[in-house]
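# Structural features, examined
The lines below spell out each chain.
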Amino acid sequence: DEKIMADLTDLITKWIIFLKGLDVSNWEHFTEDELRCDGTGECNMDEAFMEALVRLRKDYNNSMVISSGYRDRAYNTVIGGSTNSAHMYGKAVDVIVAGHEAYRLLRLALVHGFKGIGVSQRGPHLKRFLHLDMMEDSDKSPRPWIWSYK
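Residues numbered from 1 in each chain as written. Predicted model: local features only at pLDDT ≥ 70, side-chain atom pairs only at ≥ 80, totals over all residues. Heavy atoms only, no water.

Here we take up unusual backbone geometry. Glycine aside, residues mostly have negative phi, and peptide bonds are mostly found in the trans state. Omega for the peptide link from Arg-143 to Pro-144 comes to 0°, which places this bond in the cis form. Relative to the helices and strands, Pro-144 is located in the loop between strand E4 (129-133) and strand E5 (145-148). Phi angles above zero are rare outside glycine, and His-29 is one such case at about 80°. By the element assignment, His-29 lies in the loop between helix H1 (2-20) and helix H2 (32-35). Relative accessible area serves as the criterion here: at 38%, His-29 is assigned to the partly exposed category. Look at Asn-61: it is not a glycine, yet its phi comes out positive at around 55°. Relative to the assigned elements, Asn-61 resides in the loop between helix H3 (47-60) and strand E1 (65-68). Note on Asn-61: relative accessible area 63%, which makes it exposed. (Helix = DSSP H or I, 4+ residues; strand = E, 2+ residues; numbered from the N terminus. Buried < 20%, exposed > 50% of the residue type's maximum accessible area, 1.4 Å probe, protein only.)

Following this line, the structure appears as structure tokens:
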């Protein structure tokens, strides 16, 4: 029953996005291609999230390389993503950033209202990232919340 409801919710979300149409012209500094699901090629980013991300990017005044944007539910499962990942709702990105720049971006993200922040700062610098999301507070995804990855 949960899987059927999740699939139905996913389908309804995709249909609404299709009917509304995404206005990527407002996504200054970001491209639809870099935000697409690596598994399906779909790009169903939330408009309010993208507006906040663009404001953050302008304030940060530095490039933000996106390693993960929208994720289809099936692809998210394949890669081992969280069962309620904000990526599936188009409300999250992972930004490749390390060290001092990661600290600066994290501080600005908090100022700009990002409520979920995941920190991965181990290993090679080009694989270090910050997860930024704007999920609503819920039992499955408490917000505000900051976590680190293993």
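Take the environment of Gln-121 next. Note that Gln-121 resides in the loop between strand E3 (116-120) and E4. Judged by its relative accessible area of 23%, Gln-121 falls in the partly exposed class. Residues Gln-121 and Ile-96 lie 25 residues apart in sequence; the distance between their C-alpha atoms is 9.8 Å. Excluding residues that lie within four positions of it along the chain, Gln-121 makes contacts with Val-97, Ala-98, Gly-99, Ala-102, Arg-128 and Phe-129. (Contact = heavy atoms within 4.5 Å.)

Moving on to the pairing of strand E2 (residues 92-96). Of all 5 residues in E2, 4 are buried; the element is thus mostly enclosed. Two elements, E1 and E2, share 3 bridges in a ladder whose sense is antiparallel. The partner of Ser-68 across the bridge, within E2, is Asp-94. As judged from the 5 bridges shared by E2 and E4, these two strands associate in the antiparallel manner. (Pairing = 2+ DSSP bridges.)

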